[in-house]
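So the chains spell out like this:
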Amino acid sequence: MNGFVERPRFSCTLGGALSTVTAIHGTVPIVHAAAGCGGNLFTAQLGGSGYYGSGYCGGLSAPGSNVSEHEIVFGGEERLAEQIRTTLEIMEGECYVVLTGCMTDIIGDDIRSAVQEFRGTGAPVAGVETGGFKGTSYKGYDLALSALFRQVVAETDERATNRVNLWGLVPGLDPFFRGDLLELQRLLALVGVQASTFFVPGEGVRDLVEAGKAAANIVVSQQHGIAAAEAFRERFGTPYLALELPIGPSASARFLRQVAEFLGLDGQLVERVIERETADYYRFVERVADFYCDTDLQHYVAVVGNATSALPYTRFLAEDLGWLPSLVVVTDNLPDEERSRIALSLDSLPHGGKPALVFETDASVIAGHLTRAWRPSGGERYQKRFAPAFVLGSTLEQEPAAAVGARHLSVSYPVFNRVIVNRGYAGFHGALHLVEDLLSTYFGGA
């Protein structure tokens, strides 16, 4: 054991799988675990995501087998079968997914056989082993999506040329996932691509069942959702493109060009869309340019977030807003090759000033990195310090930011000092929201 992590930025595998399944409207999870697992994960994960809530059948309404000593000693398969049967009778759903916890994985309950008994009786019934010891919530996201792609998506030989599936943002752990997916869906529609995300309003189990008709899959993360894309390709032969989450006009233009090349889209149409969207973006921004320039709002900035979002935020702030990133903290538990790839990506930032890069999850250690980067004022009249400064991170960074005299905006998990409904920061429209929130924080005195 290497020690404890204070206030980690993720929960267990079951937590990620549970937040993923409950984000798909019409899906009913069946938690095959000890009493308390589902409720505790709901409180820890979804409450820290801008009060994301329980959805159609999540949170405290999620059915659970609540296994105890009897099942641990004699096996829990009979109890699981009973729970699936009663859930099908009582809970109206379009899809049911069994998710296991640590205890039921350790005793080796055969959930595949239990689930198989109920297939063909109506709505799809799927199952996946998500014992918490398998990894973090991000692992649970990939396991849940992979299971749904293998067990729920319908067989089909039909392929729609300009139809894609879009994922990569983990419900709950990427607090703005709904707004971001909606914006990317809008951008793809402008260049003639129909994108199914499964997670936004108006979508759900039906889109998941028909996902096999897509010509390709697009993953807006280069770390999370990749295993699911591999599972999809293994079953349907569908290629996938893993891209950085685009935030702002520069990244969004690159995103559209990369998708266009991958799908063989009309290049002239794509360039016209980029030109129009970019013009619209700056037409809005120019209205705040007067006081932005007059009051010199360029900031030094530190970004704290997961691997999916930390670099895109940093890139937008440097490329499009002209700010000066000095510290990037990636909060995922990543393998060495992914850490090296992220470090290389920072070389492409403009201004030639590569920020310090840290991989850390512990809240107190992250606060220590902030104070080392920006020394708190000791009351001296004259001192060398970074100012003005801004921290984009989780709510946990609010106090450390204040301690070093920096402004703060919560953009990464956990977020519990703001409510997030459909707000997103991806794309052209999302970047305008981010500009609004940053400048509002400045003028609001936070």
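Please read these numbers as outputs of a predicted model, since none were measured by experiment.

Thresholds applied
- Residues numbered from 1 in each chain as written.
- Predicted model: local features only at pLDDT ≥ 70, side-chain atom pairs only at ≥ 80, totals over all residues.
- Heavy atoms only, no water.
- Helix = DSSP H or I, 4+ residues; strand = E, 2+ residues; numbered from the N terminus.
- Rg over C-alpha atoms; globule rule 2.2 N^0.38 Å.
- Buried < 20%, exposed > 50% of the residue type's maximum accessible area, 1.4 Å probe, protein only.
- Contact = heavy atoms within 4.5 Å.
- Areas by Shrake-Rupley, 256 points an atom, 1.4 Å probe, with all protein chains shown as cover.
- Lys, Arg positive; Asp, Glu negative; His and termini not counted.
- Charge placed at Lys NZ, Arg CZ, Asp CG, Glu CD.
- 1 Å grid on protein atoms, 1.4 Å probe; cavity = no way out; pocket = protein on both sides within 12 Å on 5 of 7 lines; lining within 4 Å.
- Points joined across faces, edges and corners; volume = space filled by probe spheres on them.
- Nonpolar A, V, L, I, M, F, W, Y, C, P; charged D, E, K, R; others polar.
- Pairing = 2+ DSSP bridges.
- Axes fitted to C-alpha atoms, helices over the stretch in contact; angles between N-to-C directions.
- Phe/Tyr/Trp six-rings, centres within 6.5 Å; stacked < 30°, edge-to-face > 60°.

Asks: It is not clear to me how the overall build of the protein should be interpreted in this structure. Could you clarify?
Replies: Looking only at helices and strands, one finds 17 helices and 12 strands in the protein. A compact globule built from 446 residues would reach a C-alpha radius of gyration of about 22 Å, and the protein, at 23 Å, matches this within 12%. For the protein, the spread of C-alpha atoms along the principal axes amounts to about 70 × 55 × 35 Å. Burial statistics for the protein: of 446 residues in total, 56% are counted as buried. Considering only contacts in the protein between residues 6 or more positions apart, those separated by 24 or more positions represent 74%. With the model as given, the accessible surface of the protein reaches about 18,600 Å², and the carbon-plus-sulfur share is 51%. Each charge class in the protein can be summarised by its mean position, and for the 35 positive and 51 negative side chains these summaries are 5 Å apart.

Asks: How do you make sense of empty space enclosed by the protein when you look at a structure like this?
Replies: In this approach, a probe sized like a water molecule rolls over the atoms, and the result shows the empty space that is left. Within the structure shown, the criterion is met by four cavities of 30 Å³ or more. Of the pockets and cavities examined, the largest cavity occupies roughly 140 Å³. Of the residues assigned to the lining of the largest cavity, the class counts are nine nonpolar, five polar and three charged.

Asks: Which parts of the structure should I look at to understand helix 10 (residues 226-236)?
Replies: Note on helix geometry: an α-helix contains 3.6 residues per turn, so any two residues three or four positions apart are oriented the same way. Listing the buried residues of helix 10 in full gives Ile226, Ala228, Ala229, Ala231, Phe232 and Phe236. The inward-facing, buried residues of helix 10 abut helix 7 (137-151), strand 4 (160-167), strand 6 (214-219) and strand 7 (240-242). Downstream of helix 10 by a residue or two, Gly237 has a phi angle that is positive, lying close to 75 degrees.

Asks: Would you mind going over the sheet that holds strand 9 (residues 324-330) with me for this structure?
Replies: Strands pair in a sheet through their backbones, by hydrogen bonds, and they do so in one of two ways: parallel or antiparallel. Spatial strand order, 10-9-8-11-12: five strands in an open sheet with parallel pairing. Each having just a single partner strand, strand 10 (356-359) and strand 12 (407-410) make up the two edges of the open sheet. Taken pair by pair, the neighbouring strands of this sheet meet at an average axis angle of 15 degrees, ignoring direction. With six bridges connecting them, strand 8 (residues 300-305) and strand 9 associate as parallel partners. Each bridged residue has a counterpart across the sheet, and for Val304 the counterpart in strand 9 is Val329.

Asks: I'm lost on the sheet that holds strand 3 (residues 125-128) in this one. Help?
Replies: With parallel pairing, three strands are arranged side by side in an open sheet as 1-2-3. Each end of this open sheet is capped by a strand with a single partner; those strands are strand 1 (27-32) and strand 3. Ignoring strand direction, the axes of neighbouring strands in this sheet form an average angle of 20 degrees. Direction of pairing for strand 2 (residues 95-100) relative to strand 3: parallel, over a ladder of four bridges. Looking at the pairing, Val97 lines up with Ala126 of strand 3. Across the sheet, helix 7 touches strand 2 and strand 3, and the angle it forms with strand 3 is around 140 degrees.

Asks: Any chance you could explain the packing of aromatic side chains here in plain terms?
Replies: The geometry of an aromatic ring pair is captured by the separation of the ring centres together with the interplanar angle, meaning the angle of the planes. On inspection of all chains with the given rule, the structure shows 15 aromatic pairs. Seen from their ring centres, Phe149 and Phe232 are 4.9 Å apart, and the 75 degrees between their planes marks the pair as edge-to-face. With Phe149 in helix 7 and Phe232 in helix 10, the pair connects residues that are 83 residues apart, well separated along the chain. Of the two residues examined, Phe149 and Phe232, each falls in the buried class. Seen in terms of ring centroids, Tyr281 and Tyr282 are 4.8 Å apart; in terms of plane orientation they differ by 90 degrees. Their pairing is edge-to-face. Looking at Tyr282, the relative accessible area reads 37%, which means it is partly exposed.

Asks: In this structure, what is going on with the pairing of strand 9? I would like to understand it.
Replies: Note on strand geometry: in a regular strand, side chains alternate between the two faces of the sheet. Judged by how many residues are buried, strand 9 sits mostly within the fold: six of seven residues are covered. The pairing of strand 9 with strand 10 spans four bridges and is classified as parallel. Within strand 10, the residue paired with Leu327 across the bridge is Ala356.

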